[in-house]
Amino acid sequence: MPIPFRLRQLDHVVLRVRDPARMQRFYQEVLGCTEERTQDEIGLVQLRAGAALIDLVDVAGKLGREGGAAPGADGRNVDHVCFSIEGYDEAAIVAHLRSHGVRVGAIGSRYGADGEGPSIYLFDPEGNMLELKGPAVPGTRVGGANPPHA
C-alpha cells in the first residue's frame, strides 16, 4: 500500500528544558529566533526559527512532567537539531557564538538535506547539540541535483 502523504520539511522540534527563560534568551539572542506563542498553563514557549518552530517545554510544567526526568549530563532528549543557514561566514559565526559564551564543537563538512557543505556544531545552555549548516556544494546531493536555494 503506498504512503498516503509526502513529507515536506521539518515543522518543529520540541526540547524539554530545565531553565526556560535562559533557553529562550539563548535561542532569541544567539540564534535570532522570535517568540511566536506562549502557553503558560502547560509550560510551553514556541519560537519561530525560519520556516520551523522550536518548542521549549518546561520540565516542571504540565507538559514537561509527562516526559519523565529532565535532560542532563547522563542523557539528552535529542541528539542534535540542524538549522540550514544563509550567509555562512565561519569566522564571523564562531566569533558571534563565542561572544555569547557559547561552547562551539566540531567544525567541518557534513552531509545534510541539500547535500555536502560546511557546518558548525554548538551547544545551547542546557547541553543540547545544535548544528548550523551552510549551503551545500553543488552536485553533492545524493539522488539528484541540489535544489535552487542550496
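In what follows, the structure referred to is the one given above.
Here goes a summary of the coordinates provided. Everything numeric in this text was worked out from a predicted model, so none of it was measured.

Cut-offs used in this document
- Residues numbered from 1 in each chain as written.
- Predicted model: local features only at pLDDT ≥ 70, side-chain atom pairs only at ≥ 80, totals over all residues.
- Heavy atoms only, no water.
- Buried < 20%, exposed > 50% of the residue type's maximum accessible area, 1.4 Å probe, protein only.
- Helix = DSSP H or I, 4+ residues; strand = E, 2+ residues; numbered from the N terminus.
- Pairing = 2+ DSSP bridges.
- Phe/Tyr/Trp six-rings, centres within 6.5 Å; stacked < 30°, edge-to-face > 60°.
- Lys NZ or Arg CZ within 6 Å of the ring centre and 35° of its normal.

### Considering the pairing of strand 5 (residues 80–84)
Alternating positions in strand 5 separate cleanly, Val81 and Phe83 being buried on one face and His80, Cys82 and Ser84 remaining unburied on the opposite face. Looking at chain direction, strand 5 and strand 8 (residues 129–133) are connected through five bridges and run parallel. In the strand pairing of strand 8, phenylalanine 83 is matched with leucine 132.

### Observations concerning the packing of aromatic side chains
For any pair of aromatic rings, the description rests on two quantities: the centre-to-centre distance and the angle between the ring planes. Per the counting criterion, the structure on display carries one aromatic pair. The interplanar angle of 85 degrees and the centroid separation of 5.0 Å between the aromatic rings of phenylalanine 26 and tyrosine 27 together place this pair among those described as edge-to-face. Relative accessible area serves as the criterion here: at 7%, phenylalanine 26 is assigned to the buried category. Sitting above the plane of the phenylalanine 123 ring, arginine 103 keeps its charged end 3.7 Å from the centroid.

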